[in-house]
Amino acid sequence: MEKLEHIGIAVKSLSDSIPLFEALLNTACYKEELVESEAVKTAFFSVATQKIELLESTNPDGIIARFIDKKGEGIHHIAFAVTDIESEIKRLVAAGFIVLNEKPRPGADNKLVCFLHPKNTNGVLIELCMEKP
Ligand code: ZN
């Protein structure tokens, strides 16, 4: 893995949370993006070479809505940048980790992404992400 790329935070409302994080981080949100396949609206902030990604569900049954119902708003996942996502998935599967998608899929912010099941990672949902070629 290259570096911590971003931390994903589940929020109920981007329109409430974007100004909150702009005030907190003292920087403007640089991108909002809908990811229809995941039923989420995302908003990104740069903090040095890392990012914060806010996630709001677009659907009451969506993955973020269900997360908030169970645990409330808060940290949803931690994402690491990788240079070759396919070989990193193979390495992790061989090491016994469970990937939620064996084929990388399109994520927000021009990335291919893959998630690891949190039951093998001390309860932390891990995202691998690679800049789309
Ligand atoms: Zn993410």
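Structure: see above.
Predicted model, so just to flag it, every value in this text is computed and none were measured.

Draft legend 1. Up close: the overall build of the protein. The helix and strand tally for the protein stands at three helices and eight strands. For the protein, the sequential pattern of α-helices and β-strands runs β-α-β-β-β-α-β-α-β-β-β. For the protein, whose C-alpha radius of gyration is 14 Å, the value lies close to the compact-globule estimate of 14 Å for 133 residues. Based on the C-alpha atoms only, the size of the protein along its principal axes is roughly 40 × 30 × 25 Å. In the protein, buried positions account for 45% of the 133 residues. Considering only residue pairs separated by 6 or more positions, the protein has 53% of its internal contacts joining residues 24 or more positions apart.

Draft legend 2. Spatial organisation of helix 3 (residues 85-94). Those residues of helix 3 lying buried are Ile85, Glu88, Ile89 and Leu92. Down the axis, helix 3 shows its buried residues gathered within 105 degrees of arc, on one side only. Projecting away from the buried face of helix 3 at angles above 90 degrees are the exposed residues Lys90 and Ala94. As for helix 3, its buried residues are in contact with strand 7 (111-116) and strand 8 (126-131). Where helix 3 begins, the side chain of Asp84 points an oxygen toward the backbone nitrogen of Glu86, at a separation of 3.2 Å. Positive backbone phi, at 100 degrees, marks Gly96, one or two positions downstream of helix 3.

Draft legend 3. Geometry of the side chain of Ser17. Position of Ser17 relative to the elements: it lies in helix 1 (residues 14-25). What Ser17 contacts, discounting residues up to four positions off in sequence, is Val11 and Leu54.

Draft legend 4. View of the coordination of the zinc ion. Every protein donor of the zinc ion is listed here as His6 (NE2), Glu53 (OE), His77 (NE2) and Glu127 (OE), and their distances to the metal cover 2.1 to 2.2 Å. If you look at the zinc ion, its four donor atoms make angles of 84 to 170 degrees with each other, and the shape they trace is irregular. Within one chain, the residues serving as donors to the zinc ion are arranged as H-x46-E-x23-H-x49-E. A residue pair is termed long-range when its members are at least 10 positions apart, and His6 in strand 1 (residues 3-10) and Glu127 in strand 8 qualify at 121 residues. In terms of burial, His6 and Glu127 fall into one category: buried.

Definitions and limits used
- In this convention, every chain numbers its residues from 1, walking through the sequence in written order.
- Given that the model is predicted, a residue must reach a pLDDT of at least 70 before its local features are reported, and side-chain atom pairs must reach 80 or more before they are shown or counted; all residues, however, enter totals for whole chains, interfaces and linings.
- Side-chain numbers come from the whole structure's heavy atoms, not from hydrogens or water.
- Helix and strand assignments come from DSSP, with helices taken as H or I runs of at least 4 residues and strands as E runs of at least 2, each series counted from the N terminus.
- Radius of gyration means the value over C-alpha atoms here, while the globule rule gives 2.2 Å times the residue count to the 0.38 power.
- Using a 1.4 Å probe on the protein chains alone, a residue whose accessible area is under 20% of its type maximum counts as buried, one over 50% counts as exposed, and one in between counts as partly exposed.
- The contact definition used throughout considers only heavy atoms, calling two residues in contact when any of these lie within 4.5 Å.
- The reported arc concerns the directions from the helix axis to the C-beta atoms and nothing else.
- In protein, a polar contact means a hydrogen-donor-capable atom and an acceptor-capable atom, both N or O and within 3.5 Å, with residues adjacent in sequence counting only if both atoms are side-chain atoms; elsewhere, any N or O pair within 3.5 Å suffices.
- Metal donors were taken as nitrogen, oxygen and sulfur atoms no farther than 2.8 Å from the ion, or 3.2 Å where the ion is Na, K or Ca. Water is excluded, so coordination may look unfinished.
- Tetrahedral means four donors with every angle between 85 and 135 degrees, whereas square planar (four donors) and octahedral (six donors) require angles over 155 degrees between opposite donors and between 65 and 115 for all others; sites fitting neither are termed irregular.

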